[in-house]
Amino acid sequence: TKYSDRVLELMADAAINPLLTEEEFDKEKTKLLEGLKADAKSADAISGRVGLALSYGTNHPYGEFVTEETIKNVTFGDAVAFYEKYFNPNHAYLVVIGDVKYKDVKKQIQKYFKNWSQSVAVNSTVPKPSANVQYTQINFVDVPDATQSNLSITNNVNLKMNDEDYHIALITNNILGGGGEGYLFKNLREDKGYTYGAYSSLGTDRYGASRFNATAKVRNAVTDSAVIEALKEIKRIRTEPVDAQLLKDAKAKYVGNFVMALERPQTIANYALNIKLNDLPEDFYTTYLQKINDVTVEDIQRVANKYFKEDNLRIIVVGNGAEVLENLEKTGIPIKYFDK
């Protein structure tokens, strides 16, 4: 706390007078290109890149991907212009968490940031992502010599933090694939031994462009079986009422994690920012735990049916075609082929 004045002074100087040099720009460019080479044979990198491009479309910001060509197209002048256009106080938030008095910090901020000038207003529109596929299908990317398959079972969702389904969605995903107690983990890891872990996520986005995504890395020999079992668990949470005790345990675990996270100052900062960025009510985090505890068995089934699109899933498989395709074809799920 005793250094807060100096910290704000340094922070303001770095923001307002950044030392953007061509030498540093070239170093970053080289690092990016080296990273691309390292990712060339990585099933994780390929799955992420292809998965986002297929889900959102390559004309959507979230579906764009970096290539050697796109990196080389960017000049130092582009970077400087980007800074001048976007890094300004027009839409800036400065969140301060700590043992400081509001009046003191406000004076310091006004003192050090007063020369940070407004820029020309930038209006941008975010396009809609691609629609979900019309029928569940396997999207396969062949990576010869891969020793395991990377599975990603996904569909797009439009879920925002200020939606009434938000807290229910958190617990629903937690039950399906939030950790070691989730349906996916218990089936694919504990029961079948196909993988070290199987998880799911249900994203939120203030622009309405996010995804449900169930993931696992499995042995080549059980790739087809893992797909079938994962689909079975997605169907299960949609069609079978969740066990009341399991729901109770999921809530308790979630509440415990929430309370523990509050001990970290950056959590508080993120929550304050979330309220601003996501147009949340001021009492959003005051009522958070109550809303988690209010989730019912019926809520889980309704939300699972709304956001886990059993009939419109992309099953993205990145793996060794020579070893896994024959069995994947036997599942009867249509397969489409893509390159990395």
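Everything below is about the structure printed above this text.
Residues numbered from 1 in each chain as written. Predicted model: local features only at pLDDT ≥ 70, side-chain atom pairs only at ≥ 80, totals over all residues. Heavy atoms only, no water.

J.: Where do I start with the packing of aromatic side chains in this structure?
T.: The geometry of two aromatic rings is summed up by the distance between their centres and the angle between their planes. Taken as a whole and assessed by the stated rule, the structure comprises 16 aromatic pairs. Plain terms: the ring middles of Phe82 and Tyr86 are 4.7 Å apart, the flat faces sit at 45° to each other, and that makes the pair tilted. Of the two residues, Phe82 and Tyr86 are both situated in helix H5 (residues 76-86); the distance of 4 residues between them amounts to about one turn of the helix. Residue class for Tyr86 comes out partly exposed when judged on its relative accessible area of 44%. Judged by centre distance (6.4 Å) and plane angle (75°), the rings of Phe140 and Tyr337 are edge-to-face. Pair noted here: Phe140 is in strand E1 (residues 137-142) and Tyr337 is in strand E6 (residues 335-338), with a separation of 197 residues, a long-range link. Relative accessible area serves as the criterion here: at 48%, Tyr337 is assigned to the partly exposed category. One aromatic cluster is present, formed by Tyr166, Phe258, Tyr271, Phe284, Tyr285 and Tyr288 through successive ring pairs. Above the face of the Tyr183 ring, Arg236 is positioned so that its terminal group lies 3.6 Å from the ring centre. (Phe/Tyr/Trp six-rings, centres within 6.5 Å; stacked < 30°, edge-to-face > 60°. Helix = DSSP H or I, 4+ residues; strand = E, 2+ residues; numbered from the N terminus. Buried < 20%, exposed > 50% of the residue type's maximum accessible area, 1.4 Å probe, protein only. Lys NZ or Arg CZ within 6 Å of the ring centre and 35° of its normal.)

J.: Any chance you could explain unusual backbone geometry here in plain terms?
T.: What is expected of a backbone is that most residues other than glycine have negative phi and most peptide bonds are trans. You will see that Asp145, though not glycine, has its phi angle at about 75°, which is positive. One can find Asp145 in the loop between E1 and strand E2 (148-157). Judged by its relative accessible area of 71%, Asp145 is exposed. Even without being a glycine, Asp279 presents a positive backbone phi close to 55°. Along the polypeptide, Asp279 turns up in the loop between helix H11 (265-277) and helix H12 (288-293).

J.: I would appreciate a short explanation of empty space enclosed by the protein in the present structure.
T.: A water-sized probe, rolled over the atoms, reveals where empty space remains. Following the criterion strictly, the structure yields 2 cavities of 30 Å³ or more and no others. For the lining of the largest cavity, the elements supplying multiple residues, two or more each, are E2, helix H8 (183-191), strand E3 (198-202), strand E4 (210-219) and helix H9 (223-239). Ranked by the residues each element gives to the lining of the largest cavity, the list is headed by E4, at 3 residues. A class-by-class count of the residues in the lining of the largest cavity yields 10 nonpolar, 1 polar and no charged. The calculated volume of the second largest cavity comes to roughly 30 Å³. (1 Å grid on protein atoms, 1.4 Å probe; cavity = no way out; pocket = protein on both sides within 12 Å on 5 of 7 lines; lining within 4 Å. Points joined across faces, edges and corners; volume = space filled by probe spheres on them. Nonpolar A, V, L, I, M, F, W, Y, C, P; charged D, E, K, R; others polar.)

J.: For this particular structure, what's the right way to read the pairing of E2?
T.: For a regular strand, side chains alternate in direction, first toward one face of the sheet and then toward the other. The buried fraction of E2 amounts to 9 of the 10 residues, a majority that puts the element mostly inside the structure. Direction of pairing for E2 relative to E4: antiparallel, over a ladder of 10 bridges. Looking at E4, one finds that Leu151 is bridged to Ala216. Pairing of E2 with strand E5 (residues 314-319), which is carried by 5 bridges, proceeds in the antiparallel orientation. Following the sheet pairing, Asn150 is matched in E5 by Val318. (Pairing = 2+ DSSP bridges.)

J.: Which parts of the structure should I look at to understand the sheet that holds E1?
T.: Backbone hydrogen bonds are what pair the strands of a sheet, in a parallel or an antiparallel way. The strand order E3-E4-E2-E5-E1-E6 describes an open sheet built from 6 strands, whose pairing is mixed. One side of each edge strand has no neighbouring strand; the edge strands of this open sheet are E3 and E6. Geometrically, the sheet is characterised by an average inter-axis angle of 20° between neighbouring strands, direction not taken into account. Bridge count for E3 against E4 is 5 bridges, and the pairing is antiparallel. Residue pairing across strands places Ala198 opposite Ala216, the latter belonging to E4. (Axes fitted to C-alpha atoms, helices over the stretch in contact; angles between N-to-C directions.)

J.: In this structure, what is going on with the pattern of salt bridges? I would like to understand it.
T.: Side-chain pairing between opposite charges can occur once the charged atoms of the two side chains come close. Applying the stated criterion to the full structure yields 16 salt bridges. One salt bridge in this structure joins Lys37 and Glu34, with 3.6 Å as the shortest N-O distance. Here the residue Lys37 and the residue Glu34 both occupy positions in helix H2 (residues 22-39), the gap between them amounting to 3 residues, near one helical turn. Residue Lys37 is classed as exposed on the basis of its relative accessible area of 57%. Classification of Glu34 as partly exposed rests on a relative accessible area of 44%. (Salt bridge = Lys/Arg side-chain N within 4 Å of Asp/Glu carboxyl O.)

J.: Sorry if this is basic, but what is going on with the environment of Ile46 here?
T.: Within the secondary structure, Ile46 is located in helix H3 (residues 43-56). Accessibility expressed as a relative area gives 0% for Ile46, which makes it buried. When neighbours within four sequence positions are excluded, Ile46 is seen to be in contact with Ala40, Lys41, Gly51, Val141, Val143, Val318 and Lys340. (Contact = heavy atoms within 4.5 Å.)

Spatial relationships are all this shows, so hold off on functional conclusions.
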